[in-house]
Amino acid sequence: MFNELWKLTKRLFQFRLAAPIVFLLLGVGLETIGYGLCRYGTLERDIFVNVGNLLLASVLFSFLTSCVEYIGVFRKNLSEIVYSTDYLVKRKDIEEIWERVSMIMFRSVFPNLHHRLFDTIKNTYFPQDGVAYYENARCVYDIQYADEGRENVVIRQEIEFEIIAIDENEFPFTIWNSARARNDGDFQIRVASCKIDGKDMTSSCVVTRLESDSGKQDNQITVKLKSRKRYNFQQVIEKRYNIKYDNTIGYKAKWLVNNMRVQVFHPEDLRIEFIDRGTTANFRELKRTENFLEYEFKGLILRRQGYLLILNKNENQCTDG
């Protein structure tokens, strides 16, 4: 039975291919007989001519239907080629294409802001060199009192993340630290350890004191990176400052950060308040005890977003940072 069905299918397929040609020849033949051999006004002439017209019309309709079908298939295949990743990568005007598409999308939602919105995204989140973004950042703070008066604290800050670079060219990678201080002795910073992909780079770190506003000390720690597009960065920084003049610990992203976890070890009589810093969603609290807290953010932290830790020795003391 299967063989019979297969033979019938083949015959139908062959008939479909041959039918237009057969109908065309048959229609032309009937038209020739009707107009050439039959007398005008006779029934035979009308039958031959009308049947011939019907066959020719069916051939024309079949041709037009096939053209529409083939045009649709051609257009679909052409779109798959034009919008394929392999083709777009080779385009030299890809940035112009992206700009046009983005402008159309933005204009429908932000008709008065689309130019400014596109420029902000392009100039802020598409760096030309150096760092592209951070992956899986982890920040651990160990806070201890530095004296009996419990106004000075020593903070051991461990940070680790994957640096995703734009290319393999050399670039200076910099981390900033700042605090408000009454005088130079109120804020001290030291790089205890710095590792790149497990290799000790502590001696290569350069700490630079920057000019800043009155009452604020800024420091930058710089190390040079090269030859890779992905680096595992680990650094331990020890900081000492007076929480009477600055009772905050903060993180403000310079680059995009994909996922972050924050852990804080602290004395039991030091209350820590965790505040989200402009993130699109809240950090999630994982654990909190009398001397420990842990938060995480699953998702993308944009530039200049992050978190803020406020340190208070008791419920009645809170100093602006």
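Quick notes on the rules
- Residues numbered from 1 in each chain as written.
- Predicted model: local features only at pLDDT ≥ 70, side-chain atom pairs only at ≥ 80, totals over all residues.
- Heavy atoms only, no water.
- Helix = DSSP H or I, 4+ residues; strand = E, 2+ residues; numbered from the N terminus.
- Buried < 20%, exposed > 50% of the residue type's maximum accessible area, 1.4 Å probe, protein only.
- Contact = heavy atoms within 4.5 Å.
- Areas by Shrake-Rupley, 256 points an atom, 1.4 Å probe, with all protein chains shown as cover.
- Pairing = 2+ DSSP bridges.
- Axes fitted to C-alpha atoms, helices over the stretch in contact; angles between N-to-C directions.
- Parallel < 35°, antiparallel > 145°, perpendicular 65-115°, else oblique.
- Left-handed = near helix turned anticlockwise from the far one by under 90°.
- pLDDT = per-residue confidence, 0-100.
- Polar contact = N/O pair within 3.5 Å; in protein donor to acceptor, adjacent residues only side chain to side chain.
- Core = buried A, V, L, I, M, F, W, Y, C linked by side-chain atoms within 4.5 Å.
- Salt bridge = Lys/Arg side-chain N within 4 Å of Asp/Glu carboxyl O.

1. So, the overall build of the protein
- Looking only at helices and strands, one finds 5 helices and 14 strands in the protein.
- Looking at the protein as a whole, 33% of its 321 residues qualify as buried.
- For the protein, restricting intrachain contacts to residue pairs at least 6 apart in sequence, the fraction spanning at least 24 positions comes to 71%.
- Total accessible area on the protein is roughly 21,100 Å²; 55% of this is exposed by carbon and sulfur atoms.

2. Section: the sheet that holds strand 12 (residues 284-288)
- Taken together, the 8 strands give an open sheet; going across it, the order is 5-4-8-2-1-10-13-12, and neighbouring strands pair in mixed fashion. Every other strand in the sheet has two partners, leaving strand 5 (199-200) and strand 12 as the edge strands with one partner each.
- Note that strand 4 (residues 187-196) and strand 8 (residues 230-242) share 9 bridges and pair antiparallel. Bridged to Val 191 within strand 8 is Ile 237.

3. Topic: unusual backbone geometry
- One non-glycine residue, Asn 136, lies in the positive phi region at around 55°.
- Its place among the elements puts Asn 136 in strand 1 (residues 131-145).
- The class for Asn 136 is partly exposed, based on a relative accessible area of 45%.
- The backbone of Arg 304 shows a phi angle near 70°, a positive value even though the residue is not glycine.
- Here Arg 304 shows up in the loop between strand 13 (292-301) and strand 14 (306-312).
- A residue is classified by how much of its surface remains accessible, and Arg 304, at 59% relative accessible area, is exposed.

4. Regarding the sheet that holds strand 14
- An order of 9-14-11 is seen for the 3 strands of this open sheet, with the pairing classed as antiparallel. Of all strands in the sheet, those with a lone pairing partner are strand 9 (248-252) and strand 11 (271-277), marking the two edges. Averaged over all pairs of adjacent strands, the angle between their axes in this sheet comes to 10°, without regard to strand direction.

5. Remarks on the packing of helix 4 (residues 94-109) against helix 5 (residues 114-125)
- Where helix 4 contacts helix 5, the axes come no closer than 9 Å and their chain directions differ by 135°. What the angle tells us is that helix 4 and helix 5 run oblique. Considering the relative orientation of helix 4 and helix 5, their crossing is right-handed. Residues Glu 95, Trp 98, Glu 99, Ser 102, Met 103, Phe 106 and Arg 107 of helix 4 pack against His 114, His 115, Leu 117, Phe 118, Ile 121 and Lys 122 of helix 5.

6. Points about the confidence of the model for the protein
- Put simply, the protein has an average pLDDT of 80, and 70% of its residues get 70 or more.
- Per-residue pLDDT, averaged within each element of the protein, yields its smallest value for helix 1 (residues 2-36) (57) and its largest for strand 10 (residues 256-265) (97).
- Per-residue pLDDT stays below 50 along residues 5-10; that stretch engages in 0 contacts with residues further than four places along the chain or on separate chains.
- Contacts for the low-pLDDT stretch residues 315-321, under 50 throughout, to residues beyond four places or in other chains number 12 contacts.

7. Details of the side chain of Asp 246
- When you line up the elements, Asp 246 lands in the loop between strand 8 and strand 9.
- Overall, the relative accessible area of 5% leaves Asp 246 in the buried class.
- Within the local environment of Asp 246, its side chain forms a polar contact with the side chain of Thr 248, the two groups lying 2.8 Å apart.

8. So, the nonpolar core
- Within the largest apolar cluster, 50 residues are counted, with the highest numbers of intra-cluster contacts made by Tyr 141, Ile 143, Phe 173, Phe 233, Met 260 and Tyr 307.
- The element contributing the most residues to this core is strand 1, with 7 residues.
- When residues no more than four places from it in sequence are discounted, the contact partners of Phe 233 are Ile 159, Glu 160, Phe 161, Ile 163, Phe 173, Ile 175, Cys 194, Lys 195, Ile 196 and Val 223.

9. Some details on the pairing of strand 14
- In terms of burial, strand 14 is a largely internal element, 6 of the 7 residues being buried.
- Both strand 11 and strand 14 contribute to a ladder of 7 bridges, which runs antiparallel. Residue pairing in the sheet places Glu 273 in a bridge with Ile 310 of strand 14.

10. Description of the pattern of salt bridges
- Counted according to the given criterion, the structure contains 12 salt bridges.
- The closest approach of N and O atoms between Arg 150 and Asp 269, which form a salt bridge, is 2.5 Å. Here Arg 150, found in the loop between strand 1 and strand 2 (152-165), pairs with Asp 269, found in the loop between strand 10 and strand 11; they are 119 residues apart in sequence, far enough to count as distant.
- On the basis of relative accessible area, Arg 150 is assigned to the partly exposed category, the value being 39%.
- For the salt bridge of Glu 158 with Arg 156, the shortest nitrogen-to-oxygen distance reads 3.7 Å.
- Residue Glu 158 is classed as partly exposed on the basis of its relative accessible area of 29%.

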